[in-house]
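Here is how the chains run, residue by residue.
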Amino acid sequence: MQYLEFEKPLSEIEGKAEELRAMARQNDTMDVEKEAVALDRKAETMLRDLYKGLTAWQKTQVARHPERPHCKDYIEALFTEYTPLAGDRNFADDHAVMGGIARFHDQPVVVIGHEKGHDTKSRIERNFGMARPEGYRKAIRLMDMADRFGLPVITLIDTPGAYPGKGAEERGQSEAIARSTMKCLEIGVPVLATVIGEGGSGGAVAFAAGNRVAMLEHSVYSVISPEGCASILWKDAEKMREAAEALRLTAQDLQKLGVIDRIIQEPLGGAQRGRTETIDAVGKAIATMLKELSGLDAKTLVTDRRQKFLNMGSKSLAA
């Protein structure tokens, strides 16, 4: 387990418990299980206390944890007959965006998501989940197909933001994001979005303009990263903690503000400590949201989606 900065005291206790068990494995005469169990209990209590009152910056760290399940993990676990579709039919295929047709609970759907990768090689290949224009144009192509064949669209969002490179800007990054957002809003099929890690900037909104938007308990969703916000406002990226609080990027704040509809609970210690349980919880949430929208005609779905986003800004945390 890779520990976050605020989990260092926990790592020491769990490390001692594992050290005792390792010694016992090497020496059969040693009986340390009682001491190890006591340390386990202490670690569980500390873990519960740590995650009971996470700050916005700590939640950002949890959302970025490299051991959280990623888009590929969800697709493999929740969807059957997944057939990936590649390329934007214009320039190239963007490996930061996964997408294709599949079955969810035996219902045909289109699934689209950001994939960060799980090791150095795959992270470089996936560009750390930062999509280029081709990724958004691939998503537009898939949403057009979903609309044509009446397939619900399920999106899984996990990106620091769209790739800000020179080539991406030359090929129309902002235009591609805007068109992807517009496509989400205009298609006549259910659009269900779930933030499974980071929901960063327009790169996330391009997949998240849905009829229903859910977030995992310790995920984040914001117009800019805390570091980027701090650099702009205070000319100091080290003020990211203050920026994270000001951005109101946690699932709990965003639900109060009416930006999202549902919070999906994570296991104690975050999704990285219970990958299977987290994936199952996301699957149940998607099934529930899909059921809520079943039977609605295209006009109703488009109107519902449009009104949802027009209503944003009418609520405040002070109310």
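Above this text is the structure in question.
Criteria and thresholds
- Residues numbered from 1 in each chain as written.
- Predicted model: local features only at pLDDT ≥ 70, side-chain atom pairs only at ≥ 80, totals over all residues.
- Heavy atoms only, no water.
- Patch = residues over 30% accessible without salt bridge, like charges linked within 9 Å, V, L, I, M, F, W, Y side chains within 5 Å.
- Areas by Shrake-Rupley, 256 points an atom, 1.4 Å probe, with all protein chains shown as cover.
- Salt bridge = Lys/Arg side-chain N within 4 Å of Asp/Glu carboxyl O.
- Lys, Arg positive; Asp, Glu negative; His and termini not counted.
- Charge placed at Lys NZ, Arg CZ, Asp CG, Glu CD.
- Helix = DSSP H or I, 4+ residues; strand = E, 2+ residues; numbered from the N terminus.
- Core = buried A, V, L, I, M, F, W, Y, C linked by side-chain atoms within 4.5 Å.
- Buried < 20%, exposed > 50% of the residue type's maximum accessible area, 1.4 Å probe, protein only.
- Contact = heavy atoms within 4.5 Å.
- Phe/Tyr/Trp six-rings, centres within 6.5 Å; stacked < 30°, edge-to-face > 60°.
- Lys NZ or Arg CZ within 6 Å of the ring centre and 35° of its normal.
- 1 Å grid on protein atoms, 1.4 Å probe; cavity = no way out; pocket = protein on both sides within 12 Å on 5 of 7 lines; lining within 4 Å.
- Points joined across faces, edges and corners; volume = space filled by probe spheres on them.
- Nonpolar A, V, L, I, M, F, W, Y, C, P; charged D, E, K, R; others polar.
- Expected span 1.5 Å × (residues − 1).
- Arc of directions from axis to C-beta.

**A look at a negative patch on the surface**
Together, Asp236, Glu238, Glu242 and Glu245 line one region of the surface with negative charge. With respect to the helices and strands, glutamate 242 occurs in helix α11 (residues 240–247).

**Describing a nonpolar patch on the surface**
On the surface, Ile232, Leu233 and Trp234 cluster together into a nonpolar patch covering about 330 Å² of accessible area. Structurally, isoleucine 232 is set in helix α10 (residues 226–233).

**Regarding the nonpolar core**
Ranked by size, the top nonpolar core spans 35 residues in total, and within it Ile112, Tyr136, Val153, Phe207, Tyr221 and Ile260 carry the most contacts. Elements that contribute at least two residues to this core include exactly β3 (107–114), α6 (133–149), β4 (153–159), α8 (173–186), β5 (191–200), α9 (201–208), β6 (212–216) and α12 (251–256). Not counting chain neighbours up to four residues away, the residues in contact with tyrosine 221 comprise Val195, Gly199, Ala204, Val205, Ala208, Met215, Leu249, Leu254, Val259 and Ile260. One finds Ala285, Leu290, Leu293 and Leu301 within the second-largest nonpolar core, a separate group that totals 25 residues.

**Observations regarding the environment of isoleucine 101**
As for its position among the elements, isoleucine 101 is in strand β2 (residues 97–104). Its relative accessible area of 31% is what places isoleucine 101 among the partly exposed residues. Spatially, the C-alpha atom of isoleucine 101 lies 9.4 Å from that of phenylalanine 79, the residues being 22 residues apart in sequence. Not counting chain neighbours up to four residues away, the residues in contact with isoleucine 101 comprise Glu81, Tyr82, Thr83, Leu85, Val109, Val110, Met145 and Leu151.

**A word on the packing of aromatic side chains**
Per the counting criterion, the structure on display carries three aromatic pairs. Over the face of the ring belonging to tyrosine 163 we find arginine 132, whose NZ or CZ atom lies 4.6 Å from the ring centre.

**Observations concerning empty space enclosed by the protein**
Considering all chains together, one arrives at one cavity of 30 Å³ or more under this definition. Empty space within the largest cavity amounts to approximately 70 Å³. Around the largest cavity sit Thr60, Arg64, Pro160, Glu198, Gly199, Gly200, Val220, Ser222, Ile224, Ser225, Pro226 and Leu249, which together line it. Broken down by secondary-structure element, the contributors of at least two residues to the lining of the largest cavity are β5 and β7 (220–222). For the lining of the largest cavity, the element with the most residues is β5, which contributes three residues. Per-class residue counts for the lining of the largest cavity are five nonpolar, five polar and two charged.

**A word on unusual backbone geometry**
Backbone geometry at asparagine 127 places phi at a positive 55°, although glycine is not the residue there. Take asparagine 127: it is sitting in the loop between α5 (120–125) and α6.

**Topic: the pattern of salt bridges**
Inspection of the entire model under this criterion finds 25 salt bridges. A salt bridge links aspartate 158 to lysine 116; the nearest nitrogen and oxygen atoms lie 3.3 Å apart. Separated by 42 residues along the polypeptide, aspartate 158 in strand β4 and lysine 116 in the loop between β3 and α5 bring together distant segments of the chain. For lysine 116, a relative accessible area of 10% translates into the label buried. Where arginine 171 meets glutamate 134, a salt bridge forms, and the shortest distance between an N and an O atom there is 2.7 Å. Of this pair, arginine 171 sits in the loop between α7 (166–170) and α8 while glutamate 134 sits in helix α6, and the two are 37 residues apart along the sequence.

**Here's the deal with the side chain of threonine 159**
By the element assignment, threonine 159 lies in strand β4. Sequence-distant contacts of threonine 159, defined by excluding residues within four places in its chain, comprise His114, Lys116, Gly129, Met130, Glu198, Gly199, Gly200, Gly203 and Ala204.

**What about α8?**
For α8, with 14 residues, the first-to-last C-alpha span of 20 Å sits near the 20 Å given by 1.5 Å per residue. Taken together, the buried positions of α8 are Gln173, Ala176, Ile177, Ser180, Thr181, Lys183 and Cys184. Viewed end-on, α8 has its buried residues packed into an arc of 160°, placing them on one side of the element. Where the residues of α8 are buried, they touch α6, α7, β5, α9 and α14 (298–310).

Note that all results are geometric; they support no functional claim without further evidence.
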